[in-house]
Structures are given as C-alpha cells and as structure tokens.
Amino acid sequence: MTNPRTQLTTANGQRTADQKTAIVLSAGYFGFFAHAGFMRAVEEAGIEYCAIAGSSAGAIVAALHASGVAAAEIIETLLTIRKKDFWDNHTITALLGALFRKGRGFGGLLKGQRFERLIARQLRVKTFAECERRLYLTAFNLTRGVDETFTTGTIADKVRASCSYPFLMTPRTIDGCDYWDGGFLAKTPCETLVEREQPDRLIIHYLPTRADERSLHERNWTAFAMLEKALTAARLEIDQHRLRALGEMQEKIVWIEPQVPPLSPDKLSQGGAAIEAAYQFGRQQLAKINAE
C-alpha cells in the first residue's frame, strides 16, 4: 500500500494572488508545541489562510490561532505551562471506588476540567462564530461511534473533547454524547474542511506517531502496548484511505512532516526544542512553496 506521505509533498499548479489556503494540524499527543512553532513559520511566510482544522493536540493550536492569538503568544503560553496547570487527577478514594465497581464510571485519570478552563482563558473569543478564521475541530463521538467535526457553538469544550486522550482524560459530554480524543480515528481531519471550503491549497502539518522499538513483551503494561500498536497501525491505514478519498484535492496538498523530540506530561521542558525544530522545518518547506 502506497504511503500518502511520500507522494503529497508539494502543491501542484500555479499560485495566484487570491489562492484560497486552508491548514490542517494533526493529532500528536503533546504535539501542540510543534504546531505552535509551525504556525510561527506560517505567519512569517505571510500565508493568509481562510480556515484551519485540528484534532487533539492540533485542536489546541488551531482554536487559539483562529480565535486571534498570535503564534508568538501561543508559544509564550506553552513555555510557561506546568503540569499542575492542567493535571486534575481523581482522588485515590474515587479511583478505589471505581475499582470496587469494576471500573464502572471511570473514564480517565484526569477530570479534564482544569484543562478546559485553561483553554478558555487563553482564547480571544468564546464561540466559533466569533473567530477571525473558520475553525474545524474533530472529536470521536463514543456514544454514536463516529467522528464528528464541530463548527459551531462554544470552543473550549470542543477542544477538551478533541483532547480527551483515552484513559488519561475523562471523555467530555456534549449534548448527551461522550467524546474521546479526535486523533483516535481522525489524525488528519480534512474531509469536512475540504467539502465546505474547497481550498486551492491545503497545508497539512503532520506529526507522525513515534514508534517504540522495544519488544512488546519488554514494555510496561504489555497488553496496553499491544493495543497501542494495533491502533497506531489502524489509524495510519485510515489516514491513507481518507486522503485517497479526497480525489483531485490530493494534488493540492502540501504535506509538512517535521521530526521533533518526544514529549509527555513529565517532559514539558523539551517543549522549546520541539517548537524550534518545527519552526525551522516549517520555514524551509514554506519557503519552497512560496518560491514556486
């Protein structure tokens, strides 16, 4: 099976002054640092976009930028965030209670409320309608078993829904439905944006899932490691099918895939390195595009 990442590297056709550009920021665990660095490169390249889509980590930066927060300010905020600012784990009593109930009612280690409040404070506006650019945020609807892309209503709760990483953060309930991480099935949420915007150029900033080279049986919580690897393979195949389904739009895709250091809640200090790596790589790739 052909890997779409190797064939979708440059935009096709002549650029025009009124070329309609849209941006997609992929899922990628703590990849919001890299996305912020990339958006700094977008601003410096003078690229004006009409719409932006994001999933999981990409949803955070997409929402902030679409609401009017400049990349430099997003970066400054991310570099000052500490684990305690979003880490609102359930009490030991609550965890033991869930264990006693055989896990019923337990959706994740974190409540997610502190994270949602943090996002709400950073946004320039509260709703999609108030954004400077059109915003698309994707989350996985657990209740209905489908991906869902939000384009209306309040923003902070939709970002939280898109970032509710399985077993780490409790799913966000919206209108009676529970939502999980947008990257669960939609690492690159393109379809709704493409259908509605019909862009002349689609720039995808893609953060690949970093593979653990150790044997599965050598890793902690082996069963979870097996599940993670299976889901990673499934997501990649789903991405490939989704991109092929875009048809002629594939020729208009600019695929930017930086290599950045791995990050986690306990490695936030490496965020600056991820920002710089994505920024520098983004500058190089966007310079090539503008030269065409």
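Residues numbered from 1 in each chain as written. Predicted model: local features only at pLDDT ≥ 70, side-chain atom pairs only at ≥ 80, totals over all residues. Heavy atoms only, no water.

Visitor: Hey, could you run me through the packing of aromatic side chains in this one?
Guide: Think of a pair of aromatic rings as described by two things: how far the centres are apart, and how the planes are tilted against each other in angle. In the structure shown here, the tally under the stated rule is nine aromatic pairs. Between Phe-30 and Phe-32, the aromatic rings sit 5.3 Å apart at their centres with planes inclined by 50°, giving tilted as the arrangement. Comparing Phe-30 with Phe-32 shows no difference in burial state: the two are buried. When the ring of Phe-30 is compared with that of Phe-86, the centres are 6.2 Å apart and the planes differ by 55°; the resulting orientation is tilted. Taken together, the positions of Phe-30 in the loop between β1 (21-25) and α2 (32-44) and Phe-86 in the loop between α4 (71-80) and α5 (92-100) put the pair 56 residues apart, joining distant regions of the chain. Residue Phe-30 is classed as buried on the basis of its relative accessible area of 10%. Assessed through its relative accessible area of 10%, Phe-86 is described here as buried. Counting every residue linked through ring pairs, the aromatic cluster contains Tyr-29, Phe-30, Phe-32, Phe-33, Phe-86 and Tyr-165. Over the ring of Tyr-279 we find Arg-40; its NZ or CZ atom is 3.8 Å from the centre of that ring. If you follow Arg-133 out to its NZ or CZ, it ends over the ring of Tyr-49, 4.3 Å from the centre. (Phe/Tyr/Trp six-rings, centres within 6.5 Å; stacked < 30°, edge-to-face > 60°. Buried < 20%, exposed > 50% of the residue type's maximum accessible area, 1.4 Å probe, protein only. Helix = DSSP H or I, 4+ residues; strand = E, 2+ residues; numbered from the N terminus. Lys NZ or Arg CZ within 6 Å of the ring centre and 35° of its normal.)

Visitor: Which parts of the structure should I look at to understand the nonpolar core?
Guide: Nonpolar side chains in soluble globular proteins generally cluster together in the buried interior. Within the largest apolar cluster, 65 residues are counted, with the highest numbers of intra-cluster contacts made by Met-39, Leu-135 and Ile-155. The next biggest cluster of nonpolar side chains, apart from the first, holds 17 residues, and it includes Ala-22, Cys-190, Leu-193 and Leu-202. (Core = buried A, V, L, I, M, F, W, Y, C linked by side-chain atoms within 4.5 Å.)

Visitor: Would you mind showing me how to read empty space enclosed by the protein here?
Guide: Taken as a whole and judged by the stated rule, the model has three cavities of 30 Å³ or more. There is about 350 Å³ of room inside the largest cavity. Phe-30, Phe-32, Ile-60, Phe-86 and Phe-115 are, among the 26 residues lining the largest cavity, the residues nearest its centre. Mapped by element, the contributors of at least two residues to the lining of the largest cavity are α2, α3 (57-66), α4, α6 (113-122) and β6 (167-169). (1 Å grid on protein atoms, 1.4 Å probe; cavity = no way out; pocket = protein on both sides within 12 Å on 5 of 7 lines; lining within 4 Å. Points joined across faces, edges and corners; volume = space filled by probe spheres on them.)

Visitor: Is there a simple way to think about a positive patch on the surface in this case?
Guide: Among the surface-exposed residues, Lys-111, Arg-114, Arg-117 and Arg-121 lie close enough to one another that they form a single positively charged patch. Position of Lys-111 among the secondary structure elements: in the loop between β3 (108-110) and α6. The class for Lys-111 is partly exposed, based on a relative accessible area of 32%. (Patch = residues over 30% accessible without salt bridge, like charges linked within 9 Å, V, L, I, M, F, W, Y side chains within 5 Å. Areas by Shrake-Rupley, 256 points an atom, 1.4 Å probe, with all protein chains shown as cover. Salt bridge = Lys/Arg side-chain N within 4 Å of Asp/Glu carboxyl O. Lys, Arg positive; Asp, Glu negative; His and termini not counted. Charge placed at Lys NZ, Arg CZ, Asp CG, Glu CD.)

Visitor: For this particular structure, what's the right way to read the environment of Pro-262?
Guide: Examined against the element boundaries, Pro-262 turns out to sit in the loop between β10 (253-256) and α10 (271-291). Distance from Pro-262 to Thr-209, taken between C-alpha atoms, is 9.7 Å for residues 53 residues apart in sequence.

Visitor: Looking at this model, I keep getting lost on the packing of α2 against α4. Mind explaining?
Guide: Any two packed helices are characterised by the angle at which their axes cross and by the distance between the axes. Where α2 meets α4, the axes come as close as 8 Å, and the angle between the chain directions of the two elements is 155°. If you check the angle between α2 and α4, you find them roughly antiparallel. As α2 packs across α4, the resulting crossing turns out to be left-handed. Only Ala-71, Ile-74, Ile-75, Leu-78 and Leu-79 of α4 make contact with α2, whose side of the interface consists of Phe-32, Phe-33, Ala-36, Gly-37, Met-39, Arg-40 and Glu-43. Taken together, the residues that form the contact of α2 with α4 break down as nine nonpolar, one polar and two charged. (Axes fitted to C-alpha atoms, helices over the stretch in contact; angles between N-to-C directions. Parallel < 35°, antiparallel > 145°, perpendicular 65-115°, else oblique. Left-handed = near helix turned anticlockwise from the far one by under 90°. Contact = heavy atoms within 4.5 Å. Nonpolar A, V, L, I, M, F, W, Y, C, P; charged D, E, K, R; others polar.)

Visitor: Sorry, what's going on with the packing of α2 against α3 here?
Guide: At their nearest, the axes of α2 and α3 sit 8 Å apart, and the two run at 40° to each other. Relative to α3, α2 is oriented oblique. As α2 packs across α3, the resulting crossing turns out to be right-handed. Residue-level contacts link Phe-32, His-35, Ala-36, Met-39 and Glu-43 of α2 to Ala-57, Gly-58, Ile-60, Val-61 and His-65 of α3. Considering only residue class, the contact of α2 with α3 consists of six nonpolar, three polar and one charged.

Visitor: What should I look at first to understand α3 in this one?
Guide: An α-helical turn contains 3.6 residues, so any two residues separated by three or four positions project in the same direction. In terms of burial, α3 is largely enclosed, as ten of its ten residues are buried. Listed in full, the buried residues belonging to α3 are Ala-57, Gly-58, Ala-59, Ile-60, Val-61, Ala-62, Ala-63, Leu-64, His-65 and Ala-66. The first or second residue beyond α3 is Gly-68, which carries a positive phi of 115°.

Interpretation note: all reported values are geometric properties and have no functional meaning in isolation.
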